[in-house]
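# Residue-level structure breakdown
Listed below are the residues making up each chain.
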Amino acid sequence: DDKLLIVITDNGPGISTDKHKDLFELLKTTKESGMGLGLWLSRHIIEQRHGGEIYFNLASQSGAELIISLPIVRI
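Throughout what follows, the structure given in this document is the object of discussion. (Residues numbered from 1 in each chain as written. Predicted model: local features only at pLDDT ≥ 70, side-chain atom pairs only at ≥ 80, totals over all residues. Heavy atoms only, no water.)

### Focus on the side chain of Glu65
Applied cut-off: For the purposes of this entry, the term helix denotes a DSSP run of H or I that reaches at least four residues, the term strand denotes a run of E that reaches at least two, and both are numbered from the N terminus. The buried label applies to any residue whose accessible area, calculated with a 1.4 Å probe on protein chains only, is under 20% of its type's maximum; exposed applies above 50%, and partly exposed to all values in between. For the charge count, each Lys or Arg is scored as positive and each Asp or Glu as negative, with His and the chain ends excluded. For this document, the term salt bridge refers to a Lys or Arg side-chain nitrogen within 4 Å of an Asp or Glu carboxyl oxygen. For the purposes of these results, a polar contact is taken to be a pair of N or O atoms within 3.5 Å, where, inside protein, one atom must be able to donate a hydrogen and its partner to accept one; residues adjacent in sequence count only when each atom of the pair is a side-chain atom. Here a residue-residue contact requires only that any non-hydrogen atoms of the pair lie within 4.5 Å.
Take Glu65: it is sitting in strand S3 (residues 64-71). The buried charged residue Glu65 lacks any salt bridge, with Arg43 as its nearest oppositely charged partner at 17 Å. Looking at Glu65, its side chain comes within polar contact range of the side chain of Thr9, at 3.2 Å. In contact with Glu65, other than residues within four places in its own chain, are Val7, Ile8, Thr9, Tyr55, Phe56, Asn57 and Ala59.

### Brief notes about the pattern of salt bridges
Taken as a whole and assessed by the stated rule, the structure comprises two salt bridges. Put simply, Asp2 and Arg74 hold a salt bridge, and the shortest N to O gap is 2.9 Å. In this pair, Asp2 sits in the segment before strand S1 (3-9) while Arg74 sits in the segment after S3, placing the two residues 72 residues apart along the sequence. We note a salt bridge from Arg43 to Glu47, for which the minimum N-O separation is 3.5 Å. Of this pair, Arg43 and Glu47 both sit in helix H1 (residues 38-49), four residues apart, roughly one helical turn. Of the residues examined, Arg43 reaches a relative accessible area of 29% and is grouped as partly exposed.

### Some points on the nonpolar core
We apply this condition: Joining through side-chain atoms within 4.5 Å is the link that ties buried Ala, Val, Leu, Ile, Met, Phe, Trp, Tyr and Cys residues into a set, and such a set is a nonpolar core.
Ranked by size, the top nonpolar core spans eight residues in total: Leu23, Phe24, Ile46, Ile54, Phe56, Ala64, Leu66 and Ile68. Only strand S2 (53-58) and S3 provide two or more residues apiece to this core. Per element, the largest residue contribution to this core is three residues, and it comes from S3. Among all residues touching Ile54, those that are not within four sequence positions of it are Phe24, Arg43, Ile46, Glu47, Ile67 and Ile68.

Written out as structure tokens, the structure is:
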């Protein structure tokens, strides 16, 4: 479909379901020393600058999975 998929998976404890809806929101963090910019900024760059998408899935075993979809530009 002329898309490049990048899948990033970890095997940590995952993300609790009550945090899923705020995952990409600006200034929302689950970390004690976090600023809440990382995933928001990643989403902004992927969607606004490159016309792609980023979304979250539960990993098949445990942990979290982020999927980045970028359009392939043919030159």
